Number of protein chains: 2
Amino acid sequence: MSAKPNIAINGAGPVGALLALMLAKRGYAIDLFESRPDSRQTNIYQGKSINLALSDRGWKALNAVGIDQEIRDNAIPMYRRVMHDLAGNLTTQPYGQEGQAIWSVSRSGINEQLITLAEQQDKVRVHFSHRLTQYNFDNNTALYLNDANQQINHQTDIMFGADGAFSKVRRLMQELPKQRISYSLQYMPTSYIELSIPAGENGEHQLDKNALHIWPRKDFMLIALSNPDGSFTCTLFMDLEGPLSFSSLQDKSQVSDFFHQYFADAMGLLENPVEQFMAKAAAPLCLVHIYPWVVNDAVALIGDAAHAMVPFYGQGMNCGFEDCRVLAELVDQYEDNWPEILAAYQLERKENGDAIIELAKRNFTEMSDKAGDANFLLRKKIEAEFQRRHPELWVPLYSMVTFSPDIPYKTALSVGDIQNDIMDQIMAMPNIHECWQDDGVYRHLFALANQRLS
Amino acid sequence: MSAKPNIAINGAGPVGALLALMLAKRGYAIDLFESRPDSRQTNIYQGKSINLALSDRGWKALNAVGIDQEIRDNAIPMYRRVMHDLAGNLTTQPYGQEGQAIWSVSRSGINEQLITLAEQQDKVRVHFSHRLTQYNFDNNTALYLNDANQQINHQTDIMFGADGAFSKVRRLMQELPKQRISYSLQYMPTSYIELSIPAGENGEHQLDKNALHIWPRKDFMLIALSNPDGSFTCTLFMDLEGPLSFSSLQDKSQVSDFFHQYFADAMGLLENPVEQFMAKAAAPLCLVHIYPWVVNDAVALIGDAAHAMVPFYGQGMNCGFEDCRVLAELVDQYEDNWPEILAAYQLERKENGDAIIELAKRNFTEMSDKAGDANFLLRKKIEAEFQRRHPELWVPLYSMVTFSPDIPYKTALSVGDIQNDIMDQIMAMPNIHECWQDDGVYRHLFALANQRLS
């Protein structure tokens, strides 16, 4: 290729916007298409409003493009989980070592901020209200329909589908004959609705703002993440069908009883939870696997379009940002040779995408069931203490995923399974709840870890 | 519903044709649509030409509609596997007890026979060269395009998608918003091409016609099934990519060397295998999972459209025929109440579809690798002997799947896993190759089986 290829990105969510910014900084001309109108002008954000937990993989990607500080200005660190039991008693569990935190950001806020940053680049053109309808894979021409119902043809060299869990680029790829595209979209039994805790009378947070709050109730749970304005965005996760589910709670008195029985200490804080529950349709959660991610050396998937996951590890956006960072590094490494860039990108990211999808699926149980359990909390304490003693030998799974961007997800998954075996043995030691601080426990743990993990 | 609903079936393959016949015999008016022309008139059968092994689930379904004898007239019983090793030595393994067989039928033959039988019913109208392009799920109207490029609207009450692994009905279902349809299409690394062994000079079969012949070579294999005209239809299964694969064998001398090295004893029989290999594109194998199978109480999937599997258990068509038989029984049971019929059909068949997909996937290893192995053959002998002694306690997995239509696939899968554990213990007995006929072996096996399976 004599000149740098033109790049189109379908989807101006957080991942699409960051990708545009990163590639523009490397001299590429970028056309960023978004089916929705510009929420900065309409003041109506139509993307998912769920709060996001930004952690070290996300920060590393934002740092690579020099915008981490600007994002951090609007984020709130959460250093711990606070579990609320049925009686309203609180249990605290730190997320990591001293000072380590995950950061609450509003999806709309970070999305709009990233779009603004991308737009400031000369080579980025953002096209709102452009809906992709067709794609000609032979000559890389996309057909868009704009809000005036006009058809716009856009010819490009490279097209990224950054258009989320229900990606249109992906659906068009799947229709290609002879590409042998394996694909899976799996709906989870769990669905969710959003609720809210408003700020207090003086704009203050009504719960500890530096914690992620969980009301773990085994088969369902409520969580709350803080916003800078003093409010909390809450999410109720529960099965769509079943004996106790979104479907089983039909009339107002049932719903009211449900909230008072299970979330009594939150009832004074939540804003009209019963009315909200009645008014809202439960949104689905799903997993997406697809392979290949790249066709014709020219069209590639990134973010949720490639690997949609459930939100229980707080890694969806972090993984998408990591996709962008890795891709940008490969652009530098392969010096604009796009067939090589895209092949290396797929090779590097596909396995890691699969790994974090699996980890996120498993984490529902950790959050909703185990989080309130004494054995689980002790296990975490022993792991943290062992990490303090032997940081070279043991980083707990949660920390590998959340605070260790240099450890690939796939490594975290496989090492985590070995750690789990080892900790099962430690927890089976006699009187472990009494003797857990004894040196003998850590000598035994060292022997096991040294044998299997070093 | 005051009158019997009208039923449309998309796809006149073996499953669609049998379904039409079964429902017509229950008084329903059936429109059977097929995108291809009528192969009985064109003499060109465009469906898959691979031979099929009809076994007891298929026979039970055909018997239920009274046509088993007509089909059996064109089928050849295969009582055993015959394995061909590298040196051309043969090993025989019976498929079941004395007299039990799977039956070689040509796909085109049975398909045409079933269409003819369906057409003989007053209430069946068959529409060839009708390609489904759209479906309105609100009013159950299908849009067809015929071979004169005319658009035909067809309004129905019930629509079955019997249109195979790449079902158009399924693809249209998937596009429905808010139905939460989980779906997976997985391409296997293994692909296949068809080859042929012609009849001998006097029209005779050049190999034992009452056996399924296998050339097991671990990562790939050749199989041969007999036809009534003296020929054999052969299939070469091999990875599409990799060190030894369809892709790695590029030029004629490589292909020739490959055949002479691995299939020496077949080289005198196969019809131009090297030229055939060079000329043919390897066809893919894939697995399909989808849920739900039924939407709006009106549109349902059946056969490969609902549960495409790999051919290694010879159960694809048998499972589809069983779908038809079960559905027909539910029609009788629920007396034309179609919402109940379809709900019960889905409940009954989905788990069994998943089970046979899994069993078929596992069976590639059994056919291509273990089939030639002395331990494996001994294991099968011990199982057969134990079944003879305690038929109430032990039906080998292969026999449950193939010869026991009253045992659901899901039961076969779970019981088979327990049997596998037990046989691992038996095969670990000292000197088992010498002492396998001793009563002590069978007493031990009885104790294990009695504990876990009775």
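Worth saying up front: this structure is predicted, and the values here are computed from it rather than measured.

1. Some words on the pattern of salt bridges
- Scanning all chains against the criterion turns up 54 salt bridges over all chains.
- Its salt-bridge partner being A:Glu385, residue A:Arg389 comes within 2.7 Å of it at the nearest N-O pair. Pair noted here: A:Arg389 and A:Glu385 are both in helix 12 (residues 374-389), with a separation of four residues, about one helical turn.
- Using a relative accessible area of 30% as the deciding quantity, one classes A:Arg389 as partly exposed.
- Here B:Arg81 and B:Glu366 are joined by a salt bridge, their closest N and O atoms 3.8 Å apart. A residue pair is termed long-range when its members are at least 10 positions apart, and B:Arg81 in strand 5 (residues 80-84) and B:Glu366 in helix 11 (residues 338-368) qualify at 285 residues. Judged on exposure class, the residue B:Arg81 and its partner B:Glu366 are both buried.

2. Examining helix 12 of chain A
All names here are of chain A.
- Between its first and last C-alpha, helix 12 extends 23 Å over 16 residues, near the 22 Å set by a 1.5 Å rise per residue.
- Those residues of helix 12 that sit buried are Phe376, Leu377, Leu378, Arg379, Ile382, Glu383, Glu385, Phe386 and Gln387.
- Of the residues flanking the start of helix 12, the one acting as N-cap is Asp373, its side-chain oxygen 3.1 Å from the backbone nitrogen of Asn375.

3. Thoughts on the domain arrangement of chain A
- Splitting chain A by domain gives domain 1 (7-75 + 105-184 + 288-363), domain 2 (186-284) and domain 3 (373-453).
- One C-alpha centre belongs to domain 2 of chain A, the other to domain 3 of chain A, and the line joining them spans 33 Å.

4. A word on the interface of chain B and chain A
- Facing the 15 residues of chain B at the interface are 15 residues of chain A.
- Interface area, chain B with chain A, both sides summed: about 1200 Å², of which 40% is carbon and sulfur.
- By the criterion of area lost to chain A, the three top residues of chain B are B:Arg180, B:Tyr183 and B:Tyr187, representing 49% of everything that side buries.
- At the surface where chain B touches chain A, the tally comes to two salt bridges.
- In this structure, A:Arg171 engages B:Glu175 in a salt bridge whose closest nitrogen and oxygen atoms are separated by 2.6 Å.
- For the side of chain B that touches chain A, the elements supplying multiple residues, two or more each, are strand 13 (182-197) and strand 17 (283-291) of chain B.
- Among the elements that take part in the side of chain B that touches chain A, strand 13 of chain B stands out by supplying seven residues, more than any other.
- Residues belonging to the side of chain B that touches chain A are distributed by class as follows: eight nonpolar, four polar and three charged.

5. Brief notes about empty space enclosed by the protein
- Tallied over the full model, the rule gives one cavity of 30 Å³ or more.
- Taken together, B:Ala53, B:Ser55, B:Ile102, B:Tyr313, B:Gly314, B:Gln315, B:Tyr398 and B:Thr402 form the lining of the largest cavity.

6. Brief notes about the relation of the copies chain B and chain A
- Structural alignment of chain B on chain A gives an RMSD of 0.0 Å, achieved by rotating through 180° and translating 0.0 Å along the axis. Taken together, these values place the two copies in the relation of a two-fold axis. Residue B:Ser184, judged by its C-alpha, is the member of chain B lying nearest the rotation axis, at 2.0 Å.
- When the interface residues of chain B are mapped onto chain A, 100% of them again lie at the interface, so the same face is used by both copies.

7. Observations concerning the packing of aromatic side chains
Residue and element names in this part refer to chain A.
- By the definition in use, this model includes 51 aromatic pairs over all chains.
- Ring geometry for Tyr192 versus Phe237: centroids 6.0 Å apart, planes at 50°, classification tilted. In this pair, Tyr192 is assigned in strand 13 (residues 182-197) and Phe237 in strand 16 (residues 232-239), connecting sequence segments 45 residues apart. No difference in accessibility class separates Tyr192 from Phe237, as the two residues are buried.
- Centre to centre, the rings of Phe259 and Phe277 are 6.0 Å apart; their planes meet at 85°, and the pair counts as edge-to-face. With Phe259 in helix 7 (residues 252-262) and Phe277 in helix 8 (residues 273-279), this pair connects stretches of sequence that are 18 residues apart. In this structure, Phe259 and Phe277 share a single accessibility class: buried.
- Connected via pairs of aromatic rings, a cluster forms that spans Phe220, Phe246, Phe258, Phe259, Tyr262, Phe263 and Phe277.
- The ring centre of Tyr409 lies 4.1 Å from the NZ or CZ of Arg57, which sits over that ring.

8. Digging into the sheet that holds strand 4 (residues 76-78) of chain A
All names here are of chain A.
- Strand order in the open sheet formed by three strands is 3-7-4, and the pairing between neighbours is antiparallel. In the strand order of this sheet, the two ends are held by strand 3 (51-54) and strand 4, each with one partner. The mean inter-strand angle of the sheet, taken between neighbouring strand axes irrespective of direction, is 35°.
- Relative to strand 7 (residues 102-106), strand 4 is paired through three bridges, and the arrangement is antiparallel. Looking at the pairing, Met78 lines up with Ile102 of strand 7.
- Strand contacts of helix 10 (residues 316-333): strand 3 and strand 7, with the helix running at about 55° to strand 3, the strand carrying the most contacts.

Cut-offs used in this document
Residues numbered from 1 in each chain as written. Chains lettered and ligands numbered in written order. Predicted model: local features only at pLDDT ≥ 70, side-chain atom pairs only at ≥ 80, totals over all residues. Heavy atoms only, no water. Salt bridge = Lys/Arg side-chain N within 4 Å of Asp/Glu carboxyl O. Helix = DSSP H or I, 4+ residues; strand = E, 2+ residues; numbered from the N terminus. Buried < 20%, exposed > 50% of the residue type's maximum accessible area, 1.4 Å probe, protein only. Expected span 1.5 Å × (residues − 1). Polar contact = N/O pair within 3.5 Å; in protein donor to acceptor, adjacent residues only side chain to side chain. Domains from an automatic or database assignment. Contact = heavy atoms within 4.5 Å. Buried area = accessible area lost by both parts, 1.4 Å probe. Nonpolar A, V, L, I, M, F, W, Y, C, P; charged D, E, K, R; others polar. 1 Å grid on protein atoms, 1.4 Å probe; cavity = no way out; pocket = protein on both sides within 12 Å on 5 of 7 lines; lining within 4 Å. Points joined across faces, edges and corners; volume = space filled by probe spheres on them. Least-squares fit on C-alpha atoms with pLDDT ≥ 70 in both. Phe/Tyr/Trp six-rings, centres within 6.5 Å; stacked < 30°, edge-to-face > 60°. Lys NZ or Arg CZ within 6 Å of the ring centre and 35° of its normal. Pairing = 2+ DSSP bridges. Axes fitted to C-alpha atoms, helices over the stretch in contact; angles between N-to-C directions.

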